[in-house]
Structure formats: C-alpha cells, structure tokens
Amino acid sequence: MSTGPGAASAPAPDGHDDPTGTPRTPRKTSMFASLKVRNYRLFFLGQVVSNIGTWMQRIAQDWLVLSLTGSSAAVGITTALQFLPMLLFGLYGGVLVDRWRKRTTLLFTQSAMALSALALAVLTLSGQVQVWHVYVAAFAMGLATVLDNPARQSFVAELVGRDQLQNAVSLNSANFQSARLVGPAVAGVMITGVGTGWAFLANGLSFVAPLTCLLLMRARDLHAVRRAPRGKGQLREGLHYVAGRPELIWTIVLVGFIGTFGFNFPVFLSAFADDVFHAGAGAYSLFNTLMAVGSLAGALLAARRGTARLRVLIAAALGFGALEIVASAAPELWLFALLMVPIGVFSMTVNVTANTSIQMSTDPAMRGRVMALYMMVFLGGSPIGAPIVGWVTDAYGARAGFAAGGAVAAGAALVIGLVLARVGNLRLSVGWHRGHPQVRFVPRDRQEALAPVA
C-alpha cells in the first residue's frame, strides 16, 4: 500500500500474497495484542468510560427533545445539528489535525465535550432547559467532533505503530459496541429513576477518564509522526492526494454508498418492528441489541486478523448487502431477528477493514486530512440517505426499502471491486489451495504466463 506522495497509486498487493501471487500463510495476532502497549491500554480504558457516557447522552438527548416538543422532527433536527459541523468543516478539521499534536488536540476536544454536557446538565437539573439549549449543545458537540474524530482515529497509529494498527482499530470498535450494549440500558434506568439531567451529568463527568488517561501517557513511547507545516493549499493538497490513489478514493466511495443507503438501521428496523411484524418498541430494541452483539463479534474477529485487505472489504460489503436483501424477505420475526447478528458482523468488518486500510495506505503527514474525509463521508451519509430510504420505505414498504439498501451496498461493492481489479491489472482466479476452494485476484501477467502457448 502506498505510504507517501511518491508511492505508486495502484491498489496495494494483498498482504497475504507475494509479488508472484503465491499465497502466504495468513498472519494472525492475539485478539488483545495492542493492549500490551501501555499508552494504548490507557487510551482504551479512558474510552470504555467515555463511550458509555456518550451512549447515555444520545438516549437522554433524544428523549429530552421529544419530551419538550412532542415532535419527532425536532429529534431529527437535533441529530442533523450534531452532524452538520462535520459536513461543513470536516475537511478543514483534518488540515488542523495534521498540523497539531494529536494528544494536545484530544485534550482540548474532550474538555470541550465535557463542558457542553455539563452545561446541559445544569440547565436540565435547574428546570431552565429549553429545546434551543439542546440544539446549541448538539451543535457544540458536533464542532468538537470536527477535530476529535480525525485526531482520535489517527492517534491510534501513534500509540501502537503500523504493525498492530488493525488490532487496535478493531478493539476500539469492540469498545464502542460494548458501550452500545451498556450505555442505553443505564440511560433508560437513570431517565426513569432520576431524570435526563443526571444522564447528562454522568456523561460530562465520564470525560474525566479519557482526560486523565491522556495525561498519564508517556510521550517518549509514542511513535513519532511528521506533522504537516503550516501553509496554503493544504486542503486542496489532501483532496489531490486521495484522488491520486485508487485504494483510498474507491474505499471512501464504497463506504459512502454503504453508509448512505445501507446503514440507515433506525429507519429500516423501526419500520419492520412496527409495520411488518406489529411488535412495537420491544422488537425494535431486540433488533438493535442483536445487531450490537454481531458488531461486537465482528470487531473482535477483525482484531485477530493481522492485516487489512481490500478483498476482505469487498467480500464483506457484498455479504452485508446480500444479507440485507435476504433479511428483507424474512417471513417471521424470529428469523429476521437472528439475521441481525450476521448483519452486525459484516457491517463491522466493513467498518474496521476500511478504516485500517485507509490509515495504512496513507502518509502519516496526510492522515488527519484523509481520515477527516473518510469520517465526513461515513458520518455524513446517513443524514443524506435517511430521507431517501425513508421515502422508499413509506412509498413501497419496509421490505422494499431494506432490499433497496442492500442492493445498493452489494452493487457498489461489486462495481468497485471490478474497478480496483482493473486498475491493479488483476483478474479473478478460481482454484484450490491446501484442499480448499480459493477465489482471489492475481496479476494478469502471471495468469497469462501460466496459460498454454498456442
């Protein structure tokens, strides 16, 4: 994979194949290998606490807005305001992240998020909160995310180095999915028992953990990364850098299609729970819980893989789309619910593989800008796609909407896989390896050399 401005722009060779295309033994790693690194262990522990608080705030925030307004549209506005800064300023945030020290940036952004949550807690607990206060807090969180997301994503490489990057990214995803199982449940109990204000307070206080862990890290143990100097045209330089590397641009495009049309689970799952199976909120909660279980399993499985391969990304995206199509036709609630687990596995495989592949393919001095673009496309896709898939679901039914989302994901994976194969001068090879069927891409020159001479 390309590692600098002068590297070739063709897709990187598969880490499991040598230049002649001969398969190598896949490199496995311990599932928790990166936790042996002290700095990453501190980072991980801080995120455990903070992620639970983040999920609590999400639930409490939506519930508070609904309580104040009685409007689902107002809840949607709150979500849009939280994503809007990333869409507007995400790329410039990546430029700043490349210039600044990642740990210092994270200390600033995490502190800003803590203050936003604590301010909302004070307003709510004092009985003075109004809906516009929630809107401002959501927008403030979004502004902090503009710097926090690319800084946090690219800081992982400084913590563990290139060799353990995929393992660390996978464990981060497992961390987030574990919090997804715990945070909403704790928030529900807290909102029912003492009110939403205490959930905001808990989230604000949860930031003490990552801030403390960042301060306890040893700077001498960080993997040195060359920072970009201050200068003009750096945003344009970042876009040009991505555009010149098919393994980056096409991965981002694929994630964009899947995030926009395939990851709109609130629309799909609520429609199936209510309109298809007529099972109410309990079924909706069950679907989300089972998907979170699958996502956690997918993240842990990804942690065992030593490399991020584009063919794994394409295969996972195809499998994800196909499973959504199959689930759209499930005749019974229990079958639909069970399918949420493998859908969660494949969706997390796409997420982790794309994230790691992009980071490993990027010059460290460009990583902040590239990850900002990636996160902007990934996070910004759902607000754009939700109205589209929502209209399809309303007009043609939940099954048609879910199937359409899966078809777009699978179609994008197939087309982009063929594009990457063509750019890399590869062709499909079907054969046997160690007694098992094997489907892979090999260089065209090698395939032609093996062909019989007429």
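Please read all numbers here as calculations on a predicted model, not as lab measurements. Throughout, a residue's number is its position along its own chain's written sequence, starting from 1. Where local features are concerned, this predicted model is filtered to residues with pLDDT of at least 70; where side-chain atom pairs are given and counted, the filter is 80 or more; whole-chain, interface and lining totals use all residues. The basis for every side-chain value is the complete set of heavy atoms in the structure, and neither hydrogens nor water enter the calculation.

J.: Is there a simple way to think about the environment of Ala327 in this case?
T.: Secondary structure elements follow DSSP: runs of H or I no shorter than four residues count as helices, runs of E no shorter than two count as strands, and numbering proceeds from the N terminus. Mapped onto the elements of the fold, Ala327 is located in helix 12 (residues 310–328). Taking the C-alpha atoms as reference points, Ala327 and Ile343, separated by 16 residues in sequence, lie 9.0 Å from one another. In this analysis, two residues are considered to be in contact whenever any of their non-hydrogen atoms come within 4.5 Å of each other. With near-sequence residues (within four places) excluded, Ala327 lies in contact with Phe272, Phe336, Leu339, Met340, Ile343 and Phe402.

J.: When you look at the packing of aromatic side chains in this model, what are you seeing that I'm missing?
T.: Centre distance and the angle of the planes are the two values used to describe a pair of aromatic rings. Note on ring pairs: Phe, Tyr and Trp rings are taken, using the six-membered ring of Trp, and paired if centres are within 6.5 Å. Classes follow the plane angle, with under 30 degrees stacked, over 60 edge-to-face and the rest tilted. Going through the model one piece at a time under the given rule, you end up with 18 aromatic pairs. For the pair Phe263 and Phe378, a centre-to-centre distance of 6.0 Å together with 85° between the ring planes defines the contact as edge-to-face. Here Phe378 lies in helix 14 (residues 367–396) and Phe263 lies in the loop between helix 9 (246–262) and helix 10 (265–276), a separation of 115 residues in the sequence. Residues Phe263 and Phe378 agree in their burial class; the two are buried. Between the aromatic rings of Phe272 and Phe402, the centroid separation amounts to 5.6 Å while the plane-to-plane angle is 65°, which identifies the pairing as edge-to-face. Summary of the burial criterion: residues with accessible area below 20% of their type's maximum are buried, those above 50% are exposed, and those between are partly exposed, where the area comes from a 1.4 Å probe applied to protein chains only.

J.: Looking at this model, I keep getting lost on the side chain of Gln153. Mind explaining?
T.: Following the sequence through the fold, Gln153 ends up in helix 4 (residues 131–160). When near neighbours in sequence (up to four residues on either side) are disregarded, Gln153 contacts Asn355, Gln359, Met371 and Met375.

J.: Explain the pattern of salt bridges here, please?
T.: Working definition: two side chains of opposite charge can pair if their charged atoms are close together. Note on definitions: salt bridges are taken to be side-chain nitrogens of Lys or Arg within 4 Å of carboxyl oxygens of Asp or Glu. Per the stated rule, a full pass over the model turns up five salt bridges. Linking Asp98 and Arg369 is a salt bridge whose minimum nitrogen-to-oxygen distance equals 2.6 Å. Of the two residues, Asp98 sits in helix 2 (residues 72–99) while Arg369 sits in helix 14, which places them 271 residues apart along the sequence. A salt bridge links Glu237 to Arg369; the nearest nitrogen and oxygen atoms lie 3.4 Å apart. One end of the pair, Glu237, is in helix 8 (residues 234–243); the other, Arg369, is in helix 14, with 132 residues separating them in the sequence. With a relative accessible area of 40%, Glu237 lands in the partly exposed category.

J.: Could you clarify how one ought to interpret the nonpolar core in this entry?
T.: Here is a general trend for soluble globular proteins: nonpolar side chains tend to be buried in one another's company. Counting residues in each nonpolar core, the largest one holds 53 residues, and the members touching the most others are Leu254, Phe287, Phe336, Met340, Ile343 and Phe402. Beyond its immediate stretch of four places on either side in the chain, Met340 contacts Leu269, Phe287, Leu290, Met291, Ala327 and Phe402. Within this scheme, the nonpolar core is defined by two criteria: the residues are buried Ala, Val, Leu, Ile, Met, Phe, Trp, Tyr or Cys, and they are joined through side-chain atoms within 4.5 Å. With 30 residues, the next largest nonpolar core counts Ala151, Ala168, Ala174 and Met217 among its residues.

J.: What is the right way to look at a nonpolar patch on the surface in this model?
T.: A contiguous nonpolar surface patch, about 600 Å² in accessible area, is contributed by Leu84, Leu87, Leu88, Phe89, Leu143, Ile384 and Ile388. Counting only elements with at least two residues in the nonpolar patch, the list comes to helix 2 and helix 14. Mapping Leu143 onto the fold places it in helix 4. By relative accessible area, which is 40% here, Leu143 ends up partly exposed. The patches described consist of residues with a relative accessible area above 30% and no salt bridge, like charges being joined within 9 Å and nonpolar side chains (Val, Leu, Ile, Met, Phe, Trp, Tyr) within 5 Å. A 1.4 Å probe and the Shrake-Rupley method give the accessible areas. Residues count as covered only by the protein chains that appear here.

J.: Looking at this structure, how should I read the environment of Gly259?
T.: Residue position: Gly259 is located in helix 9. Note: C-alpha distance between Gly259 and Ala409 (150 residues apart in sequence) is 8.7 Å.

J.: How do you make sense of the packing of helix 5 (residues 165–193) against helix 13 (residues 333–360) when you look at a structure like this?
T.: A pair of packed helices can be characterised by two numbers: the angle between their axes and the separation between those axes. To obtain each axis, a line is fitted to C-alpha atoms, and for helices this fit is confined to the stretch in contact; angles are then taken between N-to-C directions over 0 to 180 degrees. Running from N to C, helix 5 and helix 13 cross one another at 140°; their axes reach a closest spacing of 9 Å. The pairing of helix 5 with helix 13 is recorded here as oblique in orientation. Of the two elements, helix 5 crosses helix 13, and the hand of that crossing is right-handed. Listed contacts from helix 13 to Leu165, Gln166, Val169, Ser170, Ser173 and Gln177 of helix 5 are Met348, Val352, Asn355, Thr356, Gln359 and Met360. Three classes are used, and their members are as follows: Ala, Val, Leu, Ile, Met, Phe, Trp, Tyr, Cys and Pro are nonpolar, Asp, Glu, Lys and Arg are charged, and the others, Gly among them, are polar. Its residues placed into classes, the contact of helix 5 with helix 13 shows five nonpolar, seven polar and no charged. Angles are sorted into four bins: roughly parallel if under 35 degrees, roughly antiparallel if over 145, roughly perpendicular if 65 to 115, and oblique for all others. Put simply, a crossing is left-handed when the front helix is turned counterclockwise from the back one by less than a right angle, and right-handed when it is turned clockwise.

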